[in-house]
Amino acid sequence: MTRGPKPHGGLCSVVMRAGPCTCSPLPSWSRLSAVNVMAIVSRRSLLNDKLCARSAGKALLSGILRTVHQEHIDKDLTLLGVPGDAYVEKLYKSHGMTEYGREESGMPKLKVSYPPKCVPFITETILCKEMDWKDISSIAWRLVPGSWFVKENCAHFIPMIEYWKQMLRVRS
């Protein structure tokens, strides 16, 4: 994990990449704070170990996002990612990431930005699945078609279909 210089304002970013590092230091004029996570590989995915708990990668990512957010509490948090395979690409997109370019390898460059007030919702509710009634009501409001026209909330950063998929998994 590498860190860029502390910002004086602007953007806070977490960069996730698969493959070899082609990073260069951030320019001195940069107003960006970055954490570069080269890869998150869990024991379960690496060894196909059924005894391991699921979602260790999500828990690690949640911790990294919380740490960066605490350092820059009043800034938007932007998550950039280059997936290593189609499964990870689908996972990133299911969490609201959108394509903004292509790597030389052909894999998409993906990103999503969260305002400061939504970082706890993303790190605790979405990644760690720790919910209270406020979170449940936010998600319920998100499921109302056209609700973002009336009042957008943090649950609107995640595609609606992902909430439906999760509810169907819990039900079965």
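Provided above is the structure to which this section pertains.
Analysis parameters
- Residues numbered from 1 in each chain as written.
- Predicted model: local features only at pLDDT ≥ 70, side-chain atom pairs only at ≥ 80, totals over all residues.
- Heavy atoms only, no water.
- Helix = DSSP H or I, 4+ residues; strand = E, 2+ residues; numbered from the N terminus.
- Buried < 20%, exposed > 50% of the residue type's maximum accessible area, 1.4 Å probe, protein only.
- Contact = heavy atoms within 4.5 Å.
- Areas by Shrake-Rupley, 256 points an atom, 1.4 Å probe, with all protein chains shown as cover.
- Arc of directions from axis to C-beta.
- Core = buried A, V, L, I, M, F, W, Y, C linked by side-chain atoms within 4.5 Å.
- Pairing = 2+ DSSP bridges.
- Salt bridge = Lys/Arg side-chain N within 4 Å of Asp/Glu carboxyl O.

A. Representation of the overall build of the protein chain in the model. Looking only at helices and strands, one finds seven helices and six strands in the protein chain. Taken from N to C terminus, the helices and strands of the protein chain fall in the order β-β-β-α-α-β-α-β-β-α-α-α-α. Here the protein chain holds 172 residues, and 38% of them are scored as buried. Within the protein chain, contacts between residues at least 6 apart in sequence are counted, and of these 52% link residues at least 24 apart. Carbon and sulfur atoms form 60% of the exposed surface of the protein chain, whose accessible area is close to 10,800 Å².

B. Here's a closer look at helix H5 (residues 133-142). Taken together, the buried positions of H5 are occupied by Asp 135, Ser 138, Ile 139 and Arg 142. Around the axis of H5, the buried residues are gathered within 95° of arc, so they sit on the same side.

C. Main features of the side chain of Ser 138. Along the polypeptide, Ser 138 turns up in helix H5. The buried category is assigned to Ser 138, whose relative accessible area is 15%. Every residue in contact with Ser 138, bar those within four places of it in the chain, is listed here: Phe 121, Asn 153 and Ala 155.

D. Main features of the environment of Leu 79. Following the sequence through the fold, Leu 79 ends up in strand E4 (residues 77-81). The buried category is assigned to Leu 79, whose relative accessible area is 6%. Along the backbone, Leu 79 and Leu 65 are 14 residues apart, and their C-alpha atoms lie at a distance of 8.5 Å.

E. Spotlight on the nonpolar core. Grouped together as the largest cluster of nonpolar side chains are 24 residues, with contacts concentrated most on Phe 121 and Tyr 163. At the level of elements, helix H2 (56-71), E4, strand E6 (108-114) and helix H4 (119-127) are the ones that each hand at least two residues to this core. With residues near it in sequence (within four places) discarded, Tyr 163 still touches Phe 121, Ile 126, Ile 139, Arg 142, Leu 143, Ala 155 and Ile 158.

F. Structural view of the pairing of E6. Where burial is concerned, the two faces of E6 differ: the one with Pro 108, Leu 110, Val 112 and Tyr 114 is buried and the one with Lys 109, Lys 111 and Ser 113 is not. Sheet topology places E4 next to E6; five bridges connect them, and they run antiparallel. Directly across from Leu 79, in E6, lies its bridge partner Val 112. Here strand E5 (residues 98-102) folds back onto E6, and the loop between the two strands holds five residues, one of which, Gly 106, carries a positive phi near 95°.

G. Quick look at the pattern of salt bridges. According to the stated counting rule, one finds four salt bridges in the structure shown. Lys 93 is the partner of Glu 89 in a salt bridge, and the nearest nitrogen-oxygen pair spans 3.1 Å. Within this pair, Glu 89 and its partner Lys 93 are both found in helix H3 (residues 86-94), separated by four residues, close to a single helical turn. Between Arg 102 and Glu 99 there is a salt bridge whose closest N-O contact spans 3.0 Å. Classification of Arg 102 by relative accessible area gives partly exposed; the value is 47%. For Glu 99, a relative accessible area of 39% puts it in the partly exposed group.

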